[in-house]
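# Summary of the model geometry
Read off the chains here:
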Amino acid sequence: MNPNTSTRSATVTGSVPARPSALERLRRVDVGTALAWLVVLVAVAWALAPGLFTSADPVAGVAADALRPPDAEYPFGTDATGRDVFARVVYGSVHSLSGALIAVTVGLVAGTLIGAVAGTVGGLVEDVLMRVVDVLLAVPSLLLSLSVVIVLGFGTAQIAFAVGVAGVAAFARLARSEVVRVRATDYVEAAYAGGGRFLTVLWRHVLPNSLTAVAALAALQFGTAILAISTLGFLGYGAPPPTPEWGLMIAEGRDYVATSWWLTTLPGLVVVAVVLSANRISASIARRGRA
Amino acid sequence: MRYVLRRVGQAVVVLFAAFTAAFVLLQAMPGDAVMIRFENPELGLSPEQIAALREAYGVDVPAHRQFLHTLLGFLRGDFGYSVQSGTPVSRMIAEALPGTLLLASLGFVVAVILAVGIAFLSTYPRLSWIRGALRALPSLFVSVPVFWLGILLVQVFSFRLGLVSVIAPGPVEGLILPVLTLAVPISAPLAQILVRSIDEVYTRPFVTVVRSRGAGHHRVLWRDVAGNALLPALTMAGVLFGELIGGAVVTETVFGRAGLGRLTEQAVGNQDVAVLQAVVLLTATVFVLINLCVDLLYPLLDPRLRTKAGAAA
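Bear in mind the structure is a predicted one, so any value in this text is a computation, not a measurement.

Definitions and limits used
- Residues numbered from 1 in each chain as written.
- Chains lettered and ligands numbered in written order.
- Predicted model: local features only at pLDDT ≥ 70, side-chain atom pairs only at ≥ 80, totals over all residues.
- Heavy atoms only, no water.
- Helix = DSSP H or I, 4+ residues; strand = E, 2+ residues; numbered from the N terminus.
- Buried < 20%, exposed > 50% of the residue type's maximum accessible area, 1.4 Å probe, protein only.
- Expected span 1.5 Å × (residues − 1).
- Domains from an automatic or database assignment.
- Contact = heavy atoms within 4.5 Å.
- Salt bridge = Lys/Arg side-chain N within 4 Å of Asp/Glu carboxyl O.
- Polar contact = N/O pair within 3.5 Å; in protein donor to acceptor, adjacent residues only side chain to side chain.
- Patch = residues over 30% accessible without salt bridge, like charges linked within 9 Å, V, L, I, M, F, W, Y side chains within 5 Å.
- Areas by Shrake-Rupley, 256 points an atom, 1.4 Å probe, with all protein chains shown as cover.

## What about the environment of Gln66(B)?
All names here are of chain B. Tracing the sequence through the fold places Gln66 in helix 4 (residues 63–76). Overall, the relative accessible area of 10% leaves Gln66 in the buried class. For the pair formed by Gln66 and Phe23, sequence separation is 43 residues and the distance between their alpha carbons is 9.4 Å.

Now the structure itself:
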């Protein structure tokens, strides 16, 4: 963690806490958060090297094995064309994760820029920028994403960007409030008094002190983005059919819901696990920032 | 009074900005929707016919006049015509609205019941052994894809247990699963804020005072804590409304129900810009109005905010 952040809590409590030993810190990590990291790491590994986790082909199926329930050979069963659902989930992880990464990056960069400029410049610029943010907040995120999709068209990159646009407002608000908060502290004033220029102060003092809050929001947005991307994929605005995208897979499995529960239930559980983990990690980052 | 005026002014500015953004994004983009639809060579329209169509849709005039025309139209409740079907958008929305209104209001009621139930049960002393599980529920609820939840409910209640028919269900039976699907994600943020504010109210000195005078858990919870804890939930009203509309898009699509959400989903599929624009702007308007009401009502409900010093804190 950044050493700068501890100064804040130290001034509040009035005493500098002793640095916890490695063992003590290990004990402080709760099981849930560790599990959350494990889930995310597995999903990342799936995205980076799907071949290590499954030998089956995610697109070509074995017709003779169509609609087989989960067993030792097919842990998640097979779909109507005999494709291994587990292999499709593994290969699909790259679509969801890279999409979520793009979305968070778009939201983070655009939002932080808007918020930081609004918070530092102030005055009319701040008013205008924050009203823009108000407009973004006034439209439900799904409708905002749909508005972007209707302009840009369908596709994996398009929906990732559309989901990112829906996250801009949250980052902008956070960045602005962090800039305003940190700017009011004594040491930033001291940095100015010491001859620091605006950008230097922003880079060296405001940014490091806001990192925890930004990281917590980014993790939260990552989970939200995976959820939103799978929703847009389910609605059919993402990648076209043979692609093993999680939302699309669930949409395709819908027709067999009466007979083949595994087609929708198991990919959905994977989505829930990843989103839940991202939220859990976000909460643990936020807690550390406050502690 | 100045606060009220400023707040109303702010709301109007946001709505105007939302309209402008929607106009610029959706209408003034290169190659307007009318051209996309009618320049298709299969239709075999002559350039003169296309020009006539463009005039009928009002896209042949300069952008600033189009802007004024559309703005005045929106203010009168005229949202133009669907590019796909040629029907007035206002009529399409009026037809879709009742279905969604019913679904959303029932979903909201169920969500409130769920949230209040979770919040109060998780602070109930005798249930402390499942407190952890109860408190984990909201974070589970927000992590569940709505469309997946809908399918799962159909799977369990219709196909496994055979409790709710999905093939030609009655009007009430057909509402059960969609309402539940919509309610679960809405209840999560509400439950979270309730749990947090109940915990917060319990730490206040006055609760200790009431307790020390011999009040039991129930009396403290219902007479002293509940009222104070519900107030912060009011600030969520606008966000919850947005979630309801977003949830309706997915829920109505999954269950094949007619309504605003389905209309929106089809508009995106058909590139029907006029319909989506109307839905987006109507939603934004209601959101801004709800927040305006909450902001104006809040000081009346919370006396601490009536003074300048309290409002600043």
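Now that the structure is up, let's keep going.
## Quick notes on helix 6 (residues 141–152) of chain A
Residue and element names in this part refer to chain A. The terminal C-alpha atoms of helix 6, which comprises 12 residues, lie 16 Å apart, in line with the 16 Å expected from a rise of 1.5 Å per residue. Helix 6 sits mainly inside the fold: 9 of its 12 residues count as buried. By the burial criterion, the buried members of helix 6 are Leu142, Leu143, Leu144, Ser145, Leu146, Ser147, Val148, Val149 and Ile150.

## Concerning the domain arrangement of chain B
Size of an interface: often given as the accessible area lost when the parts come together. All names here are of chain B. In terms of domain boundaries, chain B breaks down into domain 1 (2–76) and domain 2 (93–303). Across the contact, 16 residues belong to domain 1 and 11 residues belong to domain 2. Counting the contacts that link domain 1 with domain 2 gives 1 salt bridge. Between Asp295 and Arg7 there is a salt bridge, with the nearest N and O atoms lying 2.6 Å from each other. The interface formed by domain 1 and domain 2 contains 1 residue pair in polar contact (both at pLDDT 80 or more). With 13 residues, the single largest contributor to the side of domain 1 that touches domain 2 is helix 1 (residues 2–27).

## Looking at a nonpolar patch on the surface
The grouping of Leu113(A), Val117(A), Val121(A) and Val125(A) at the surface amounts to a nonpolar patch, some 330 Å² of accessible area in total. Per-element accounting of the nonpolar patch gives the leading share, 3 residues, to helix 4 (residues 85–121) of chain A.

## Describing the side chain of Thr264(B)
Take Thr264(B): it is sitting in helix 12 (residues 260–269). For Thr264(B), a relative accessible area of 1% translates into the label buried. Once you skip the residues sitting within four places of it in the chain, Thr264(B) turns out to touch Leu143(A), Leu146(A), Val249(B), Leu276(B) and Val279(B).

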